[in-house]
Structure formats: C-alpha cells, structure tokens
Amino acid sequence: MCPIWPLHLIVIYLLVLCPLWVLCQAAPDLLASFSAETLEMHMDDTYDVYVNVSGSDLQAKDQFAVRTQIPHVATAEFFNRDNLTDEQFDNRLFEGQLKVKCHFLGRTDLTVEARRNGSLFPIRNGTIQLVVIRPVRVIDTVFTTSVAVFVSLIFINFGCAMHWPTVKACFKKPIGPAIGLAGQYLFMPLISFGLGFLIFPDSPALRLGMFFSGVSPAGGASNIWTFILGGNLDLSLAMTSISTLAAFGLMPAWLFTLGQVVFANANIVVPYFRIGMFVIGLFIPLAIGLAMQRLTPKISAFMVRILKGFSTLLLLFIITFAIVTNLYIFELMTWQILVAGMGVPWLGYLAGYSVARIFRQPHRDALAISIESGIQNTGIAIFLLRYALPQPEADITTVVPVSIAIMTPGPMICIFIYQRIKACWGCKPSKTGTPPTPRKSWETTVTSLQYPRPLSPASSLPLIANKQDENWSSSS
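Numbering of residues starts from 1 in each chain and follows the order in which that chain's sequence is written. Two thresholds apply to this predicted model, a pLDDT of at least 70 for residue-level local features and 80 or more for giving and counting side-chain atom pairs, whereas whole-chain, interface and lining totals are computed over all residues. Values shown for side chains rest on all heavy atoms present in the structure; no hydrogens or waters enter the calculation.

Novice: Report on the overall build of the chain, specifying residues and quantitative values.
Specialist: Helix numbering and strand numbering both begin at the N terminus, where a helix is a DSSP run of H or I of at least 4 residues and a strand a DSSP run of E of at least 2. What the chain contains, in helices and strands, is 19 helices and 8 strands. Each residue is assigned to one of three classes by its accessible area relative to the maximum for its type, calculated with a 1.4 Å probe on protein chains only: buried under 20%, partly exposed between the two thresholds, exposed over 50%. For the chain, buried positions account for 46% of its 476 residues. Residue contacts are counted whenever heavy atoms from the two residues lie within 4.5 Å of one another. Here the analysis covers contacts within the chain between residues at least 6 apart in sequence; of these, 77% occur between residues at least 24 apart. Using the Shrake-Rupley algorithm and a 1.4 Å probe, accessible areas are obtained, with residue cover drawn only from the displayed protein chains. Surface summary for the chain: the accessible area is close to 24,100 Å², and the carbon and sulfur share equals 67%.

Novice: How would you explain the side chain of asparagine 232 if you had to name every residue and give the values?
Specialist: Tracing the chain through its elements places asparagine 232 in the loop between helix H7 (221-228) and helix H8 (233-255). Since its relative accessible area comes to 0%, asparagine 232 is described here as buried. Between N or O atoms, a polar contact is any pair within 3.5 Å; within protein, one atom must be a potential hydrogen donor and the other a potential acceptor, and residues adjacent in sequence are included only when both atoms are from side chains. A polar atom in the side chain of asparagine 232 sits 2.8 Å from the side chain of aspartate 365.

Novice: How would you summarise the pattern of salt bridges if you had to cite specific residues and measurements?
Specialist: A carboxyl oxygen of Asp or Glu within 4 Å of a side-chain nitrogen of Lys or Arg is what we treat as a salt bridge. Tallied over the entire structure, the rule returns 2 salt bridges. Between lysine 99 and aspartate 48 there is a salt bridge, with the nearest N and O atoms lying 2.7 Å from each other. Here aspartate 48 lies in strand S3 (residues 46-54) and lysine 99 lies in strand S6 (residues 93-102), a separation of 51 residues in the sequence.

Novice: Describe the packing of helix H6 (residues 204-214) against helix H17 (residues 399-407), with residues and values.
Specialist: To obtain an axis, a line is fitted to C-alpha atoms, over the contacting stretch when the element is a helix, and the angle between two such axes runs from 0 to 180 degrees between their N-to-C directions. The N-to-C vectors of H6 and H17 enclose an angle of 45 degrees; their axes lie 8 Å apart at closest approach. On the basis of their axis angle, the class for H6 and H17 is oblique. Two secondary-structure elements touch here, H6 through Leu206, Gly209, Met210 and Ser213 and H17 through Val399, Val400, Pro401 and Ile404. If an angle is under 35 degrees, it is roughly parallel; if it is over 145, roughly antiparallel; if it lies from 65 to 115, roughly perpendicular; otherwise it is oblique.

Novice: Quick one: what's the story with the packing of helix H13 (residues 335-358) against helix H14 (residues 363-374), residue by residue and with numbers?
Specialist: In the contact formed by H13 and H14, the axes pass within 7 Å of each other and the chain directions differ by 150 degrees. Viewed along their axes, H13 and H14 adopt a mutual orientation that is roughly antiparallel. Where H13 crosses over H14, the two elements pack in a sense that is right-handed. Between H13 and H14, the contacting residues are Pro345, Gly348, Tyr349, Gly352, Tyr353, Ala356 and Arg357 on the first element and His363, Ala366, Leu367, Ile369, Ser370, Ile371, Ser373 and Gly374 on the second. In terms of residue class, the contact of H13 with H14 is built from 8 nonpolar, 6 polar and 1 charged. Working rule for handedness: look at the near helix, and if it is turned counterclockwise from the far one by less than a right angle, call the crossing left-handed; if clockwise, right-handed. When residues are grouped by polarity, Ala, Val, Leu, Ile, Met, Phe, Trp, Tyr, Cys and Pro land in nonpolar, Asp, Glu, Lys and Arg in charged, and all others, Gly among them, in polar.

Novice: Give me the packing of aromatic side chains: which residues, what numbers.
Specialist: For Phe, Tyr and Trp, where Trp contributes only its six-membered ring, two rings pair if their centres lie within 6.5 Å, and the inter-plane angle classes them as stacked under 30 degrees, edge-to-face over 60, or tilted in between. Applying the stated criterion across every chain yields a total of 4 aromatic pairs. Ring centres 4.2 Å apart and planes at 20 degrees place the aromatic pair phenylalanine 64 and phenylalanine 94 in the stacked group. Of this pair, phenylalanine 64 sits in strand S4 (residues 63-68) while phenylalanine 94 sits in strand S6, and the two are 30 residues apart along the sequence. Across the pair, phenylalanine 94 and phenylalanine 64 agree in class, each one buried.

Next up, the structure:
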C-alpha cells in the first residue's frame with residue numbers, strides 16, 4: 001500500500017487540474033452581443049451585422065475571427081477591422097461590423113472568436129443563428145395568378161365538353177369511380193408512407209413532404225391528360241369531383257394517423273378553407289361551361305374544338321414557368337429525391353391501370369383511372385407544408401412535391417408520343433392504293449365512341465373526329 005494513501009489521490013488530481021487552471025486563467029473572459037438575437041435574411045442578399053465584444057481583460061493585440069457552421073448557406077467576414085483600435089482598447093469594448101452573404105436556404109450558426117498569440121478562444125454568447133429564407137417575388141405572384149386563370153378557362157372548356165348522361169352512367173355503375181377513389185386515398189398514402197421510410201430514413205421532414213403529396217386529392221392536370229391521351233373525360237371529371245370532396249374527411253384521417261408517425265412533433269393544420277376554395281374553383285368553371293352548352297351552343301362548340309390544343313399549351317406553360325420560377329429547387333435535388341418523385345406517381349399509374357383491368361374496365365376507363373390515381377394535387381401538399389413547418393424548412397421540404405410534379409408527366413408524354421407516332425404510321429396509304437386501316441376506337445380522343453351522343457348539344461360535335469362517327473351521325 002502507498003505510504004501516503006489516500007493523499008496520493010489528491011496529488012494526482014492537482015497535477016491534472018493545474019494545467020487546466022492555468023489555461024483558464026490565460027483565456028480571456030469576453031462577452032459578445034449582436035444587433036439581434038436571431039437574424040432572418042433573404043437568399044442572395046448581403047447584410048451588415050454589428051457585434052460588440054466587451055471584457056476587462058482585452059489586450060491591445062487581440063484579434064477577432066468569424067466563421068459560419070455551413071458555408072453553403074451563408075458566409076461572413078469583418079467589414080471594418082478584426083482587431084482592437086487604441087480607442088476601443090481604452091474603452092474595453094470592441095465594436096465590429098460583419099458582412100454576411102446569404103447563399104442558399106437553411107439555418108447556420110455564426111460564431112465570433114478571439115485570437116490571442118495565435119490561439120483562438122471562445123467568447124461567451126459569441127454564437128448567433130442565421131436563418132436564410134426565400135423572398136416573396138413578383139414573379140411568384142404572377143405565376144400563381146396566371147395558372148389559376150388558365151386552369152379556370154380549361155375547366156370552362158371541360159364544362160362545355162361534359163355530357164351529363166354519361167356522368168350519370170358512371171355513377172350508376174360506380175366500379176370505375178370506386179377504383180379511382182381507392183387508388184387515390186388508399187394506395188397512394190400507403191405507397192408514399194412506405195417509400196418515405198425507405199428513401200429518407202434519416203429525414204422526417206422529407207418523409208412528411210412525401211406523405212403530404214400522397215394524401216393530397218387528384219390534380220386538375222389529370223383531366224387534361226385524360227383528354228389528351230383519349231381516356232374517358234367524363235369519368236375523369238367525376239372522379240376528380242369525388243376525390244376533392246372526399247379530401248375533407250380522408251386527408252385529416254391520414255394526417256392524424258400515419259402523419260403523426262411520420263413526424264410526431266409537426267404542428268399539422270388541415271387547410272379546410274384551402275380545400276373548400278379548391279372545390280369552389282373546380283365547380284364554378286364547370287357550371288359556367290355547362291351553362292354555355294345550353295345558352296351559347298356555338299361558342300361552346302368552339303371552346304371544345306380548341307380544348308386539346310389549349311390543354312397542351314397550358315401544360316407546357318405550367319411546367320416551363322414552374323421550373324423558371326423555382327430554379328433554386330434544383331440545388332436540393334439528389335438521386336433520392338428524384339427516385340421519390342418518380343416512385344409516387346409512376347406506381348400510382350401502374351396500380352390504377354392494373355386494378356382497373358383486373359375488374360375488366362374498358363381501356364379508356366382504365367386509362368382515366370390510372371391517370372387519376374397517379375396525379376396528385378401537389379399544390380395542396382406544398383400548402384400543407386407551409387403550415388406544418390417553419391421557414392426555411394417549409395421551402396426546403398417542398399422539393400419533394402416539386403420533384404413529384406416534375407416527374408409526373410413523364411409516362412404521359414411517352415404515351416402521347418407513342419400515340420402520335422402510331423397515328424402517323426396508320427395514316428400512311430398502302431402501296432396498292434387502298435385506304436388506311438382505321439385505328440381502334442380507344443386510340444382516338446373521341447368520347448362519343450363508347451357512349452354515342454346525339455347531335456345536340458352542340459358541344460359534342462367537335463368531339464366527332466373520324467369518319468366512323470360521321471357515318472353514324474348522318475345515319476341517325
């Protein structure tokens with residue numbers, strides 16, 4: 001046993017603590033204060049931040065350094081001087097001015113440290129959080145307003161082309177709308193929930209963005225693509241109406257069950273007012289179009305005649321303008337986000353069409369069900385994220401619904417190109433001079449092939465696109 005036991009333990013403690021005590025005595029006791037507790041700044045802007053460092057043991061050769069935790073978000077440097085002046089040394093107060101450059105969305109810590117004899121020392125309260133957000137621009141307002149106006153015009157055209165007897169027939173045989181509703185509010189929420197955990201295991205915010213996209217109602221673009229690709233437009237409009245109305249009950253049900261599992265601490269606010277406005281914005285243009293069928297049949301016929309070209313231009317406008325106004329999103333794109341953007345809608349297309357064909361639905365109905373299941377109203381998802389998350393997390397998380405919106409048209413564009421190529425190939429005359437073989441009825445965009453309509457109302461006339469229908473019309 002040690003002869004000085006247990007005094008040797010005290011000696012060892014003193015030998016360890018003495019160097020630490022010397023270091024603490026050598027470190028300056030300085031206190032920093034900033035011009036604000038939290039600095040909220042706009043992306044791509046430069047700001048002046050003032051910092052004061054006070055302390056009784058300031059020395060004449062003291063210098064100061066500044067750094068940011070994430071330079072990709074923001075960087076900072078001293079604008080005037082990074083060392084004490086004689087006047088500041090006399091007042092024991094260093095007054096510094098920082099130039100902060102904001103590069104991208106996010107949060108980062110800005111830290112001011114003291115440098116003495118080549119060594120850096122921390123300063124009490126020397127760290128402040130920088131929050132970089134995206135400013136509200138005029139182009140964002142212009143984009144939102146123009147899309148709302150154009151979509152309203154499209155739905156007026158849909159009202160002119162809508163055939164109520166066909167819609168009633170859809171409800172009398174509700175197998176198609178039922179499959180679409182199940183795909184929209186059963187398969188899509190579950191697939192977005194599962195893919196979210198598979199693709200973003202360590203990012204609950206991105207999983208929330210994916211899940212919000214999966215529980216959103218069908219988008220208006222589903223009706224446009226259904227018409228362009230020759231699907232059952234009346235069935236598509238009926239399913240969109242049912243999906244939108246069902247959103248009042250089914251969205252909250254999903255958000256407060258699986259949504260809490262995805263992000264238990266999220267302060268979720270269900271935007272009932274926003275959904276209600278979406279319903280009104282859907283039905284008012286349709287009602288106007290239906291009224292035009294009865295009151296102005298010639299104008300209604302013209303509106304239907306230009307529907308396909310106008311729908312195509314609208315889709316190109318939305319895609320192009322959305323990319324231009326949200327270029328910052330592409331800095332956040334990773335392969336995981338791209339896979340998520342493809343997975344949600346593309347699996348929705350596949351599931352909707354497969355189930356519809358299993359239940360022996362015609363191709364045109366199955367195509368409408370497939371499109372209705374896969375296309376989500378990502379605008380509702382983005383709105384939900386703006387309520388559930390603070391900035392800049394809301395803007396960062398919206399990269400998921402934006403990726404879904406970008407990837408959604410891919411299969412539809414491929415099908416459209418395939419149809420155009422096949423149509424051009426089928427229109428070529430044979431070498432013997434015989435007329436070309438007519439295309440199958442489901443390859444046309446004629447709604448009247450499956451549900452023959454009378455010559456009145458006039459809105460159905462522009463939908464007669466081939467000679468078979470003309471012969472049927474003349475014989476009737």
